[in-house]
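# Results of the structural survey
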Amino acid sequence: MGLLEQKRHFSVNLLDWYMVNRRDLPWRRHNNPYFTWVSEIMLQQTRVDTVIPYFNRFIGNFPTVQALAEAPEEEVLKNWEGLGYYSRARNLQAAARQVMELHGGEMPQDKQAVFALKGVGPYTAGAILSIAFNQSQPAVDGNVMRVLSRYFLIDEDIMKGSTRVLMEELAGELIPEGRARDFNQALMELGALVCTPKAPHCLTCPVMEHCSGRIAGRELTLPVKTKAKPPRPEQRLVAIVEGRGAHRGRVLVRQRPATGLLARMWELPHVLAAPAAAGKAAGPLADEPAMALLAGSLWAEGFAARPEGLATHAEHVFSHIVWSLQVYKCTEQDQSNELPLIAAEARAAYDAQASAKEITAPAQASEPGITDAANILGSLDEQGEPLSVFAASSSAHDVATGKGDGLTYRWIGPEDMDKMAFPNIFLKLITSYFAGSYEQQSEELN
DNA sequence: AAGCCGGGGTC
DNA sequence: GACCCAGGCTT
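Residues numbered from 1 in each chain as written. Chains lettered and ligands numbered in written order. Predicted model: local features only at pLDDT ≥ 70, side-chain atom pairs only at ≥ 80, totals over all residues. Heavy atoms only, no water.

Chain A carries the name Adenine DNA glycosylase in an unreviewed UniProt entry, which gives Paenibacillus xylanivorans as its organism. The UniProt entry for chain A carries the following text under Function (unreviewed entry): "Adenine glycosylase active on G-A mispairs. MutY also corrects error-prone DNA synthesis past GO lesions which are due to the oxidatively damaged form of guanine: 7,8-dihydro-8-oxoguanine (8-oxo-dGTP)." (UniProt positions renumbered as here; feature names shortened; annotations may be inferred.)

## Some words on the pattern of salt bridges
Inspection of the entire model under this criterion finds 17 salt bridges. Within this structure, Arg23, Arg28 and Glu189 form a network of salt bridges that share partners. (Salt bridge = Lys/Arg side-chain N within 4 Å of Asp/Glu carboxyl O.)

## Details of the protein's contact with DNA strand C
Around DNA strand C, the structure places 19 residues, and the nearest of them are Gln45, Tyr85, Gly119, Thr124 and Gly142. Here, DNA strand C places atoms within 4 Å of the protein, and 68% of those atoms are sugar or phosphate. In the environment of DNA strand C, a phosphate oxygen lies 2.7 Å from a nitrogen or oxygen atom belonging to the backbone of glycine 119. Proline 122 places a main-chain nitrogen or oxygen 3.4 Å from a phosphate oxygen of DNA strand C. Elements supplying a minimum of two residues to the surface near DNA strand C: α8 (122–133) and α9 (142–151). Looking at the surface near DNA strand C residue by residue, the class counts come to 5 nonpolar, 9 polar and 5 charged. (Near = heavy atom within 4 Å. Polar contact = N/O pair within 3.5 Å; in protein donor to acceptor, adjacent residues only side chain to side chain. Helix = DSSP H or I, 4+ residues; strand = E, 2+ residues; numbered from the N terminus. Nonpolar A, V, L, I, M, F, W, Y, C, P; charged D, E, K, R; others polar.)

## A look at the pairing of strand β6 (residues 321–332)
The element β6 is largely enclosed, with a buried count of 11 among its 12 residues. Sheet topology places strand β1 (residues 232–242) next to β6; 11 bridges connect them, and they run parallel. Looking at the pairing, arginine 232 lines up with isoleucine 321 of β6. Pairing between strand β5 (residues 305–317) and β6: 11 bridges, direction antiparallel. What sits directly across from histidine 316, in β6, is tryptophan 323. (Buried < 20%, exposed > 50% of the residue type's maximum accessible area, 1.4 Å probe, protein only. Pairing = 2+ DSSP bridges.)

## A closer look at the protein's contact with DNA strand B
Around DNA strand B, 18 residues are found, and the nearest of them are Gln45, Tyr85, Tyr86, Leu262 and His316. Of what DNA strand B places within 4 Å of the protein, 52% of the atoms are sugar or phosphate. Contacts to DNA strand B include histidine 316, whose side-chain N or O atom sits 2.5 Å from a phosphate oxygen. At 2.8 Å from a phosphate oxygen of DNA strand B is found a side-chain nitrogen or oxygen belonging to asparagine 424. Residue composition of the surface near DNA strand B, grouped by class: 8 nonpolar, 9 polar and 1 charged.

## Re the side chain of aspartate 157
Secondary-structure assignment places aspartate 157 in the loop between α9 and α10 (161–174). The charged side chain of aspartate 157 is buried without a salt bridge, its nearest counter-charge being lysine 160 at 6.5 Å. Those residues in contact with aspartate 157 that lie beyond four places of it in its chain are Thr163, Val224, Lys225 and Thr226. (Lys, Arg positive; Asp, Glu negative; His and termini not counted. Contact = heavy atoms within 4.5 Å.)

## A look at the nonpolar core
If you look at the biggest cluster of nonpolar residues, it comprises 64 residues, and the most contacted ones within it are Tyr34, Trp37 and Phe58. Split by domain, this core shows at least three residues from each of two domains, domain 1 (3–215) and domain 2 (232–445). Setting aside its immediate chain neighbours within four residues, tryptophan 37 contacts Val65, Leu92, Ala95, Ala96, Val99, Met107, Leu117, Val120 and Ile128. If you look at the next biggest cluster of nonpolar residues, it comprises 34 residues, including Leu14, Trp17, Met145 and Ile154. (Core = buried A, V, L, I, M, F, W, Y, C linked by side-chain atoms within 4.5 Å. Domains from an automatic or database assignment.)

In structure tokens:
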């Protein structure tokens, strides 16, 4: 069989299969370009089953490009909470504003204009143009590259940019005249349901007959893909600071910087325990130095708190970092008299830790506004008196640290949770705290 | 070209 | 517990 026939067999049989087997998904019920767009952004790196409830809620809250463009950013972020890759949400809203200003609120149909939207790359541009407007443009994602690499036995590393370009040329040739909308979705549907990564269902595949990969017995070794390097471990100390007095029933949280990891998300205060040695985990820190270090960290940020004891351990895995979290229950203190003591304790604890583990030069802070232990100690040296936050008691529960590059801190109760976006790990920890799950630990210590 | 960006699934 | 799923942006 020649290549032309093999291609034709693929296109015809795949399209026929899709028209029978296509899943009924919320964004497939209309050819609304906005729905297509939102779904494609959500589906990046995210499974269909996970996306469905998010998509329905998002469209319910932001039914049009205009509604999305005019929404407060924190509301958009809250609707993205738990989906991950939060820059997708920020870019999506920025792009909605682009569509309002440049295109009168209507999704552009021009390839260059679509591609120019924030968060829209080669794949998403192709998906929007083909699915929403039935334009004959390839939409090559991981599913498509897996399917094509197997069917045509392509040995190129799919992590390389040049391979994606090659795949786009091929995918474009395969689109039947006037059928881009269904065909591109068919390609991805096959990858998701039949030509799966680990155990492809070749026996029920509509194009198995002329699949070069299967015929060569290569279906399990394709696609060729370089492995990602393992995530670096980080040991972090987390504080659940229980408010007292005016802050009774509340817990201290802070908002992350506008860029970088988990941008603008809220979190419990935490600190890098110690710089990990090259390629090795730092390992857990003993409770006593950990608590002193945490107290020192909070002090450096302008808060007096006394760690009471370990509440729980937690782990949070990113694609490039693994956080091992030691979570300590702390109580807010009257600031003035406690601080020098806390600072001294932190200094002693750090010195002990440093000599025990032969920590040499402190690493620079990897994230703006988020200090590691060494930087905290540095700040203890520089600052002879409490930060201005103690003098300026704000009217509500909002608190600024008094530092130019400082983060925003806030004392929150359970009712505040539905307006603020948290990464899942902190959502779980705070929810558990408000549910009383850590009561027992703290009582044991009292 | 390589690193940065989450979260969840399977086996 | 080990392994898998990867688009777009930034540098």
